[in-house]
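Breakdown of the fold
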Amino acid sequence: MSRVVTKAVIPAAGFGTRMLPFTKAVPKELIPLVDTPVLQYVVEEAVDAGAEDILIIISPGKEAIKEHFMPAEKLEERLKSSGKDELFAGIKKINTLANISYVYQYELNGLGDAVALAADFAGTDPVMVLLGDTVMDSAVSRGVSAQLVSVYEEYRSSVIALTRVPQEKISSYGIAAGNMIAERVMQLSDLVEKPSPADAPSDFAVAARYLFTPEIFAALRDTCPGLHGEIQLTDAVKKLLLTEKVFGCLIAGKRYDLGRVAGFVSANVEFALRRPELQESLGRQIMDILKKFNIKDL
Ligand code: G1P
């Protein structure tokens with residue numbers, strides 16, 4: 001079966017101020033989740049969903065991102081000659097995942113402004129958009145972007161990943177309004193960027209993954225600066241709603257926002273504990289730490 005959506009865009013230009021000072025020199029998208037940069041998980045999720053061509057939007061100073069996906073000949077030779085075959089295969093794989101290209105966002109004018117830079121790359125094709133600082137862990141065999149592709153296959157319209165969030169987190173996300181029309185599928189009627197809980201139309205939050213028809217780029221061209229004086233992707237989706245249907249997909253899975261300190265630490269503990277070789281010794285060390293801080297229950 002031919003793939004339905006073969007292009008993905010990954011915005012990765014932001015400063016990463018929530019993780020300073022680490023992000024002064026290292027892009028937040030290269031923050032490790034155990035031993036692998038967040039962005040590699042994101043690229044792998046896009047590839048799993050069918051992406052063959054990936055455009056990463058970076059900004060000056062974030063060239064380490066390019067280096068991560070480039071061949072590293074000397075390192076590969078060393079790993080091969082020292083018989084580290086598994087490591088060699090893992091490193092070699094990184095630069096063969098997809099055709100990755102880059103575009104620079106020179107002025108950081110918001111997520112919508114970043115995605116608008118992908119207009120030529122998308123042409124007349126649909127594109128997945130995956131935020132480069134967030135790992136989505138699917139609860140089913142298909143990854144989260146692949147779940148969006150399934151909804152797109154059925155409805156042939158833009159689809160946005162949604163998760164429910166507690167009241168105190170509502171003002172950190174884009175919040176959707178709409179009607180559930182199938183299990184896990186909502187037809188959107190509105191989207192509001194980071195509302196106060198009192199003004200929020202629901203607790204369904206936009207969860208770092210989107211799949212857009214190319215019409216999003218015309219909507220972005222018409223979008224004026226919104227919250228914080230930035231071009232908001234959420235506002236462009238609102239414009240898109242005037243001309244076509246947009247769906248929300250209540251995803252089966254969990255988001256790990258590695259661009260915030262608490263999310264970074266807890267995701268690392270959880271993903272490390274999943275590794276059989278680390279589970280016992282790390283589990284014991286964590287218990288000792290909890291005892292030291294007298295934490296039994298919270
Ligand atoms: C962005 C979007 C927001 C979305 C969030 C997580 O906000 O503007 O609508 O809910 O990503 O996907 P940011 O976290 O970049 O401030």
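A short tour of the structure in this document, coming up. For every chain, the first residue of the written sequence is number 1, and numbering continues from 1 along that sequence. Per-residue local features are limited, in this predicted model, to residues with pLDDT of at least 70; the limit for side-chain atom pairs, both in listing and counting, is 80 or more; totals at the level of whole chains, interfaces and linings are taken over all residues. Calculated side-chain values reflect all of the structure's heavy atoms, with hydrogen atoms and water omitted.

1. Describing the side chain of E76
Note on placement: E76 falls in helix 3 (residues 73-81). Exposure categories follow from relative accessible area, calculated using a 1.4 Å probe and restricted to protein chains: below 20% of the type maximum is buried, above 50% is exposed, and the middle band is partly exposed. Exposure remark for E76: the relative accessible area of 7% places this residue in the buried category. Residues contacting E76, with those up to four places away along its chain left out, are P71, F88, I91, K92 and N95. A run of H or I in DSSP becomes a helix once it reaches four residues, and a run of E becomes a strand once it reaches two; helices and strands are each numbered from the N terminus. We call two residues in contact whenever any of their non-hydrogen atoms come within 4.5 Å of each other.

2. Quick word on the nonpolar core
Ranked by size, the top nonpolar core spans 45 residues in total, and within it I10, I54, I56, M128, L211 and L258 carry the most contacts. If one sorts the elements of this core by residue count, helix 7 (residues 144-155) sits on top with 6 residues. When residues no more than four places from it in sequence are discounted, the contact partners of L258 are M19, I31, P32, L33, V38, D133, V135, F264, A267 and N268. V115, I160, L188 and F212 belong to the second-largest nonpolar core, a separate cluster that totals 34 residues. Among the buried residues, those of types Ala, Val, Leu, Ile, Met, Phe, Trp, Tyr and Cys that are joined through side-chain atoms within 4.5 Å form a nonpolar core.

3. Some thoughts on helix 9 (residues 233-243)
Among all positions of helix 9, only L233, T234, A236, V237, L240 and L241 are buried. Down the axis of helix 9, the smallest arc covering the buried residues is 155°, so these residues share one side. Arc definition: directions from the helix axis to the C-beta atoms.

4. Here we look at unusual backbone geometry
Trans is the common state for peptide bonds, and a negative phi is the common state for residues other than glycine. In the segment running from L20 into P21, the intervening peptide bond is cis, with an omega of 5°. Of note, V34 is a non-glycine position whose phi angle comes to about 60°, a positive value. Residue placement: V34 occurs in the loop between strand 2 (32-33) and strand 3 (36-37). Unusually for a residue other than glycine, R156 sits at a positive phi of about 55°. Considering the arrangement of structural elements, one finds R156 in the loop between helix 7 and strand 8 (158-164).

5. Things to note about the site of the ligand
A single heavy atom is enough: if one lies within 4 Å of a molecule or strand, its residue is considered near that molecule or strand. The immediate surroundings of the ligand are formed by R18, L111, L131, Y173, G174, E193, K194, V206, A207, A208, T234 and R255. Summarising the interface, the protein chains cover 85% of the accessible area of the ligand, which totals 380 Å² for the free molecule. Ranked by residue count, the leading element in the shell around the ligand is strand 11 (residues 204-212), at 3 residues. For this classification, the nonpolar set comprises Ala, Val, Leu, Ile, Met, Phe, Trp, Tyr, Cys and Pro, the charged set comprises Asp, Glu, Lys and Arg, and every other residue, Gly included, is treated as polar. The residue inventory of the shell around the ligand, partitioned by class, reads 6 nonpolar, 2 polar and 4 charged. Per-residue and other accessible areas were derived by the Shrake-Rupley procedure at a 1.4 Å probe size, with only the shown protein chains allowed to occlude residues.

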